[in-house]
Amino acid sequence: MDAAWPPTWPKIAEELYIFDPRGDVLLILERRPEKDMAEYVDEAPKCEDEARPAEYEEPALEEPALDWLQPEPSVEEPQAEEPSPYELDTVEPEAEAEQEKDSTRPGSSVGSISTASCMVKPEIQQVQMRVSSRHLILASATFRAYLGSDKFSEGRTLQTKGNAVVLLADEDPDAMVIVLHIIHGLTRKVPRQVSLEMLSRLAFVVNHRQMHEAVELFSDIWIENLKQNPLPGRYTPEVLSWLFIFWVFQKEDGFRNMSQILERESDHSLEDEADAGPPLPASIIGNIGQNRLYCIESTIQVIYDLITKYSGPEIICCNDRFACDAILLGSLLKRSATIGISPRPKNPYPGMTFKRLAEQIREMQVLDNCGHTSGDGTYYDYINGNGIKDSIEASLRSLEDRMCGLKLESFLPHKTTMKSKCGFF
Ligand SMILES: [Zn+2]
């Protein structure tokens, strides 16, 4: 038997999920159709009668979640200039009867997700979730701080009135549904397979609400299932998603591999690309960028050290040939200009990646004049002028060995500061 719909709660929304029929907390989230519509049209099962987990294929999280340390506006304390969209005193007597008992079928408009996807309806839609505060508090450190104490008005209301309404306007409703199923023990309703897109959104919610342990069993399953397809072996937009997922769910090897790809293959615009992707800590992106800069700088320095060496007055050539040094120096200078490192480029080396630079340097033609002339006196394109190519190769390999990706233990969530754009932590 369901508990009554508390009279102080807002009217039941079209999209309602009930995770606990006696739940004492009503979470209120928002669905933004203008963002969701295109995705539904492109990817989701369309216009089916049954509300399917179509949302598992949905778009990238792009709304930063609210800062738990900054109490969210309470529905009980609406801003004067911005009235709460929820009319607290307008719960209709028949509301209780309209409640949907099955949490997989969102409320009185079970088809609201799927039928809405067939319409162009730009308004923000409210999504309600009736949940148990005990489950939230047990599973989530942030909910524990929020509802389990009197620090926040919602926690105080819960303690004094026995129920509370919590606004999570910027939280992702679809990822939240999956996570809430897990922490309420409704595991049969939890998908075993999710897309990379959805896993990234789940990681966001899990990290934001600090529910890592509660979902760990499922996050392991999701990751393992997704890894049936090979992980990216080169820099694609998916690398940032995977890096975020491996960071949130603390997978050492994956985190190291993805960060290694970025160290070697990202250019100066990594930060901008990261800003458009999952909310990775600034320290992770910053360290990758620093490693990239260091290795590009060091790679360029390898060539400049040779140029300096052969520019001096002494003869380096093993056969003591001035012409040999001169031709070698000339070829180094000209090839450096060809690949864009002469004149010497400056930090942040726009458009340059370590991987491409190393390839270009390996392909450099370095000439010498030590017994490799043709009959008519012209110079051969000698691939290893005076052993220089071997020396360059050794330097490059040494640098590549150092670009082995970041260590997860240095970036565990409690040690990092989230980027300011996220507005939390
Ligand atoms: Zn020589």
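What you see as residue numbers is a count from 1 along each chain, following the sequence as written. Reporting of local features is limited, given that this is a predicted model, to residues whose pLDDT is at least 70; pairs of side-chain atoms are given and counted only at 80 or more, and all residues count toward the totals for whole chains, interfaces and linings.

Undergrad: Quick question: what am I supposed to make of the overall build of the protein here?
TA: Counting from the N terminus, the helices are DSSP H or I runs at least four residues long and the strands are E runs at least two residues long. Within the protein, the regular secondary structure consists of 16 helices and four strands. Counting all 425 residues of the protein, 39% fall into the buried class. Pairs at least 24 residues apart make up 76% of the contacts formed inside the protein by residues separated by at least 6 positions. Exposure classification rests on a simple neighbour count of other C-beta atoms within 10 Å of a residue's own: a residue reaching 20 or more is buried, one at 12 or fewer is exposed, and one in between is partly exposed. C-beta atoms are placed from the backbone. The contact criterion used here is simple: two residues whose C-beta atoms, placed from the backbone, lie within 7 Å are in contact.

Undergrad: Sorry if this is basic, but what is going on with the confidence of the model for the protein here?
TA: Note: predicted coordinates in regions of low pLDDT should not be interpreted at a detailed level. Confidence scores per residue from the predictor, reported as pLDDT, run from 0 to 100. Per-residue confidence for the protein gives a mean pLDDT of 80, with 72% of residues at or over 70. Low pLDDT, under 50, characterises residues 415-425; the stretch is placed with 26 contacts to residues that sit more than four places away or in other chains.

Undergrad: What am I meant to see in the packing of helix 8 (residues 196-209) against helix 9 (residues 212-226) here?
TA: Each pair of packed helices can be summarised by the angle the axes make with each other and by the distance between the axes. Direction vectors running N to C along helix 8 and helix 9 enclose 165°, while the axes themselves pass 11 Å from each other. Relative to helix 9, helix 8 is oriented roughly antiparallel. Of the two elements, helix 8 crosses helix 9, and the hand of that crossing is left-handed. Contact with helix 8, carried on its side by Leu196, Leu199 and Val206, involves His212, Val215, Trp222 and Leu226 of helix 9 and no other residues of that element. Of the residues contributing to the contact of helix 8 with helix 9, the split by class is six nonpolar, one polar and no charged. To obtain an axis, a line is fitted to C-alpha atoms, over the contacting stretch when the element is a helix, and the angle between two such axes runs from 0 to 180 degrees between their N-to-C directions. The labels follow the angle: roughly parallel below 35 degrees, roughly antiparallel above 145, roughly perpendicular from 65 to 115, and oblique for the rest. For any pair of crossing helices, the crossing counts as left-handed if the nearer helix is rotated counterclockwise from the farther one by less than a right angle, and right-handed if it is rotated clockwise. Under the grouping applied here, Gly and all other residues not named as nonpolar or charged are polar, the nonpolar ones being Ala, Val, Leu, Ile, Met, Phe, Trp, Tyr, Cys and Pro and the charged ones Asp, Glu, Lys and Arg.

Undergrad: What should I look at first to understand the sheet that holds strand 3 (residues 125-131) in this one?
TA: Across a sheet, strands are paired by hydrogen bonds formed along the backbone, either parallel or antiparallel in direction. What the four strands build is an open sheet, ordered 1-3-2-4; its pairing is mixed. Both outer strands of the open sheet, strand 1 (15-18) and strand 4 (164-167), are each paired with one neighbouring strand and no more. Between one strand axis and the next, the sheet turns by 20° as a mean value, whatever way the strands run. Only strands joined by at least two bridges in the DSSP assignment are considered to pair. One ladder, built from seven bridges, connects strand 2 (residues 25-31) with strand 3; its direction is antiparallel. Within strand 3, the residue paired with isoleucine 28 across the bridge is glutamine 128. Contacts from helix 7 (residues 173-183) reach strand 1, strand 2 and strand 3, with the element oriented near 10° to strand 3.

Undergrad: What's the story with unusual backbone geometry in this structure? I'm lost.
TA: Most of the time, phi is negative for any residue but glycine, and the peptide bond is trans. At the junction of serine 342 and proline 343, the peptide bond is cis and its omega measures out at 0° in the coordinates. Along the polypeptide, proline 343 turns up in the loop between helix 14 (322-338) and helix 15 (354-362). Residues asparagine 347 and proline 348 are joined by a peptide bond in cis, for which omega reads 15°. By secondary structure assignment, the location of proline 348 is in the loop between helix 14 and helix 15. With a phi angle near 55°, glutamine 210 is a residue other than glycine that sits in the positive phi range. Note on placement: glutamine 210 falls in the loop between helix 8 and helix 9.

Undergrad: What is the right way to look at the environment of tryptophan 247 in this model?
TA: Tracing the backbone through its elements, the reader meets tryptophan 247 in helix 10 (residues 237-248). Taking C-alpha positions, tryptophan 247 is 9.1 Å from alanine 203, a pair spaced 44 residues apart along the chain. Here tryptophan 247 is in contact with Phe255, Leu280, Ile284 and Phe411, once residues within four sequence places are set aside.

Undergrad: How do you make sense of the nonpolar core when you look at a structure like this?
TA: One broad rule of soluble globular proteins: the nonpolar side chains tend to lie buried together. Think of a nonpolar core as buried Ala, Val, Leu, Ile, Met, Phe, Trp, Tyr and Cys residues chained together by C-beta atoms that fall within 7 Å. Among the nonpolar cores identified, the biggest contains 70 residues, and Val25, Leu27, Met129, Val179, Leu202, Ala203 and Leu243 are the most heavily contacted of them. Here alanine 203 is in contact with Phe244, Ile245, Val248 and Phe249, once residues within four sequence places are set aside. By size, the runner-up hydrophobic cluster in this structure holds 24 residues, among which are Ile327, Leu328, Met364 and Val366.

Undergrad: Sorry, what's going on with helix 8 here?
TA: Look at helix 8: 20 Å from first C-alpha to last across 14 residues, which is about the 20 Å you get at 1.5 Å a residue. The buried fraction of helix 8 amounts to twelve of the 14 residues, a majority that puts the element mostly inside the structure. Inspection of helix 8 places Met198, Leu199, Ser200, Arg201, Leu202, Ala203, Phe204, Val205, Val206, Asn207, His208 and Arg209 among the buried residues, and these make up the whole buried set. The secondary structure elements touched by the buried residues of helix 8 are helix 5 (141-147), helix 7, helix 9 and helix 10. Within two residues after helix 8, glutamine 210 carries a phi angle of roughly 55°, on the positive side. How far a helix is expected to stretch is found by multiplying one less than its residue total by 1.5 Å.

Undergrad: What's the story with the environment of glutamine 250 in this structure? I'm lost.
TA: Of note, glutamine 250 is situated in the loop between helix 10 and helix 11 (252-265). On a C-alpha basis, the gap between glutamine 250 and leucine 412 in space is 7.5 Å, while along the polypeptide they are 162 residues apart. Those residues within four positions of glutamine 250 in sequence are excluded, and the remaining contacts are Leu408 and Leu412.

Undergrad: Please explain the pairing of strand 1 as it appears in this structure.
TA: Where a strand is regular, its side chains alternate between the two sheet faces. Where burial is concerned, the two faces of strand 1 agree: the one with Glu15 and Tyr17 and the one with Leu16 and Ile18 are both buried. Pairing of strand 1 with strand 3 involves four bridges; the strand directions are parallel. Residue pairing in the sheet places tyrosine 17 in a bridge with methionine 129 of strand 3.

Undergrad: Explain the packing of helix 13 (residues 282-311) against helix 15 to me, please; I cannot follow it from the model alone.
TA: The geometry of helix 13 relative to helix 15 is characterised by a closest axis approach of 10 Å and an angle of 15° between their N-to-C directions. By the angle class used here, helix 13 and helix 15 are roughly parallel. Here helix 13 runs over helix 15; the crossing is left-handed. Contacts between helix 13 and helix 15 pair Arg292, Cys295, Ile296, Thr299 and Ile303 from the former with Phe354, Leu357, Ala358 and Ile361 from the latter. Residues belonging to the contact of helix 13 with helix 15 are distributed by class as follows: seven nonpolar, one polar and one charged.

Undergrad: Please explain the pairing of strand 4 as it appears in this structure.
TA: The side-chain alternation of strand 4 yields two buried faces, one formed by Ala164 and Val166 and the other by Val165 and Leu167. Across four bridges, the pairing between strand 2 and strand 4 is parallel. Among the inter-strand pairings, leucine 26 is bridged to a residue of strand 4, identified as valine 165.

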